[in-house]
Amino acid sequence: MSVSKWRIAWLIGKWVPVKFPIDERPHAYVALLEYARPGEPLVLRMEAIASLLSCIDDWDFDATQFKPYLQLSIERITEMLGSVSQAELRMRMVNYLSAIVSRMQREIAPFAESIVRLIPLLWQSAAGENLYQTAVLSLVTKLVVALGVHSAALQPFVTPLVQHSTDLDDPAHVYLIVDGIELWLALIRNAPTIDPNLMGLLRHIPRLLQSSTETLKSVLKVIEGYALLCGTDMMRSYGPALIGALHELVADTNMHVRAIAAGYTTLNVIVQCVQAELVGPALVESNIMWTPFTRIVDKKEAAMVLIHHAGFLSRIAVHYPQLFIDFLAAQEAQLTGTFAEHWVEIYDDIGQVAQRRLHALGLAVAIATTNDGLLKMLPLMVPIWNDVLSNTGDSQLYFSDRDDDDDDEFNDIVVPESERRRKLLSNDPAHKYDMKKAFSQSMSECERLNGAERFHAIIAQVSAEDLEDLKSQLS
């Protein structure tokens, strides 16, 4: 009789992906769960649960249809975990549980507690079994994603798992670090608030940034997640170390351009989220502005890289104008003049609309000075402002709900961080600022600082056509 049941369970698993009628699938669920109950031979129970997974993994799987069988399915897998001791079989059960959590998503919430109770025992039993531990980490990650904002209750319990997986002094990190960082990222993205222990994990970031390019993107996204969620606290506790590590990344000439771009994206998020009083000292201490400044002066790198150097300085100029002006004032006049000339030239290489607007705003901030090296570039800045005003609108018309630079798949999943990023973009000066007002104010400030006579002498260097075009668009 057991052999017949095993064949039935096996056949259902093979039949479902082919042409098992969707409206008949509840009958399959009932049969498989019955075969998986305690008291049946272990080999039958294993096959029944494996076939159940085939049903769940099928393209035509209907979560609503499966919901009445969800609790019993979790119970059957839990019972199997108590019946087997081999790491390989337990890992298989954990993977089955992960599949259920992944497919059911929010529907798993009422039964999450029963899964959470399993995690400590699973993690303990997986000690020394790296592949088994990665399976447990994957299960917890899927559970965090499925619970969304309610996963905050798991932070104190899950943080030690992340700590263990990302500890570079533990040999096991070689196998666990990728899954550990994915769990960390899921926690941050779904968190409405942050646990102190989870905040403490930031101390690992500087070494993680240096450890491997394989995890670099995810580590940078973790930093951005903290900046969006609790940027002020992050900078108070770990600001100098984080900025210093990011500086090393963007200054490394051996890094691929995409890695440098990702590093600057993270820096831009920090600048947008945290006030100058907290970020400024770390920027000065690390001397991070000197790197893009000198790279633009030297102009030896590819245009694609120079765009990112210029974009970061433009971001500093727009959000921390006094810090930027003070930095330029401290440089030699000749260097500043060369920088200004090359900075202006980079505009033509920028393709994204938001970045062109940001670049133009940065240039506008720069003319609020008496520095001759910057002011002599005004004749080349005016055509840029005219181009921005004529091509992208004069106020707040241009806006995107999604970061032009971000191709991350999480953009398609609604998590608490999605709203935080949306607010960040909606408040981005590159999207929000009234460009006419910004350029007019910069011109007025330039005149105030230099006096009417000198200002008009500077303006006289602008071509009559460009000047007339600017006046027309500003009016």
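Owing to the predicted nature of the structure, the values given are computational and were not obtained by experimental measurement.

Concerning the overall build of the chain
For step 1, the next point in the chain: Counting its regular elements, the chain contains 27 helices and zero strands.
For step 2, the next point in the chain: If you line up the chain on its principal axes, its C-alpha atoms span 100 × 45 × 35 Å.
For step 3, the next point in the chain: Each of the 475 residues in the chain was classed as buried or not, and the buried ones make up 54%.
For step 4, the next point in the chain: Put simply, of all contacts in the chain between residues at least 6 apart along the chain, 75% involve residues at least 24 apart.

A few points about the side chain of serine 314
For step 1, the next point in the chain: One can find serine 314 in helix α18 (residues 303–319).
For step 2, the next point in the chain: Apart from residues no more than four positions distant in its own chain, serine 314 is found in contact with Trp343, Leu358, His359 and Gly362.

Remarks on unusual backbone geometry
For step 1, the next point in the chain: In this model, asparagine 287 sits at a positive phi of 60°, which is unusual for a non-glycine residue.
For step 2, the next point in the chain: Checked against the element boundaries, asparagine 287 lands in the loop between α16 (276–286) and α17 (290–298).

Examining the packing of aromatic side chains
For step 1, the next point in the chain: Per the stated rule, a full pass over the model turns up 13 aromatic pairs.
For step 2, the next point in the chain: Taken together, the aromatic side chains of Trp290, Phe293, Phe324, Phe327, Phe339 and Trp343 make up a single cluster linked through ring pairs.
For step 3, the next point in the chain: Over the ring of tyrosine 347 we find arginine 356; its NZ or CZ atom is 4.2 Å from the centre of that ring.

Details of a nonpolar patch on the surface
For step 1, the next point in the chain: Residues Trp10, Leu11, Trp15 and Val18 make up a contiguous nonpolar surface patch of about 410 Å² in total accessible area.
For step 2, the next point in the chain: With respect to the helices and strands, the residue tryptophan 15 is situated in helix α1 (residues 2–19).

Description of the side chain of arginine 420
For step 1, the next point in the chain: Examined against the element boundaries, arginine 420 turns out to sit in helix α24 (residues 416–426).
For step 2, the next point in the chain: For arginine 420, which is buried and forms no salt bridge, the nearest opposite charge comes from glutamate 417, at a distance of 4.6 Å.
For step 3, the next point in the chain: Setting aside its immediate chain neighbours within four residues, arginine 420 contacts Ile188, Arg189, Ala191, Pro192, Leu228 and Leu229.

Describing the environment of alanine 329
For step 1, the next point in the chain: In this fold, alanine 329 is placed in helix α19 (residues 321–329).
For step 2, the next point in the chain: Residues alanine 329 and leucine 32 lie 297 residues apart in sequence; the distance between their C-alpha atoms is 75 Å.

Concerning the nonpolar core
For step 1, the next point in the chain: With 169 residues, the main nonpolar core has Trp184, Tyr226, Ile270 and Trp385 as its most contacted residues.
For step 2, the next point in the chain: Once you skip the residues sitting within four places of it in the chain, tyrosine 226 turns out to touch Trp184, Ile188, Ile194, Leu198, Met199, Leu201, Leu202, Gly231 and Met234.

Points about the pattern of salt bridges
Opposite charge on two side chains makes pairing possible when the charged atoms of those side chains draw close.
For step 1, the next point in the chain: Under the criterion given, the structure shown has 21 salt bridges.
For step 2, the next point in the chain: With a shortest N-O distance of 2.7 Å, arginine 421 and glutamate 224 are connected by a salt bridge. Of the two residues, arginine 421 sits in helix α24 while glutamate 224 sits in helix α14 (residues 216–251), which places them 197 residues apart along the sequence. Pair check on accessibility: arginine 421 and glutamate 224 agree, each one buried.
For step 3, the next point in the chain: The partner of glutamate 419 in a salt bridge is arginine 422, and the shortest N-O contact between them spans 3.2 Å. A residue pair is termed a helical-turn pair when its members lie 3 or 4 positions apart in one helix, as glutamate 419 and arginine 422 do in helix α24 at three residues.
For step 4, the next point in the chain: Residue classification places glutamate 419 among the partly exposed residues on the basis of a relative accessible area of 36%.
For step 5, the next point in the chain: Each member of the salt-bridge network shares a partner with another, and the members are Arg189, Lys221, Glu224, Glu417 and Arg421.

The rules we used
Residues numbered from 1 in each chain as written. Predicted model: local features only at pLDDT ≥ 70, side-chain atom pairs only at ≥ 80, totals over all residues. Heavy atoms only, no water. Helix = DSSP H or I, 4+ residues; strand = E, 2+ residues; numbered from the N terminus. Buried < 20%, exposed > 50% of the residue type's maximum accessible area, 1.4 Å probe, protein only. Contact = heavy atoms within 4.5 Å. Phe/Tyr/Trp six-rings, centres within 6.5 Å; stacked < 30°, edge-to-face > 60°. Lys NZ or Arg CZ within 6 Å of the ring centre and 35° of its normal. Patch = residues over 30% accessible without salt bridge, like charges linked within 9 Å, V, L, I, M, F, W, Y side chains within 5 Å. Areas by Shrake-Rupley, 256 points an atom, 1.4 Å probe, with all protein chains shown as cover. Salt bridge = Lys/Arg side-chain N within 4 Å of Asp/Glu carboxyl O. Lys, Arg positive; Asp, Glu negative; His and termini not counted. Core = buried A, V, L, I, M, F, W, Y, C linked by side-chain atoms within 4.5 Å.

Remember, this is a structural readout, not a statement about activity or role.
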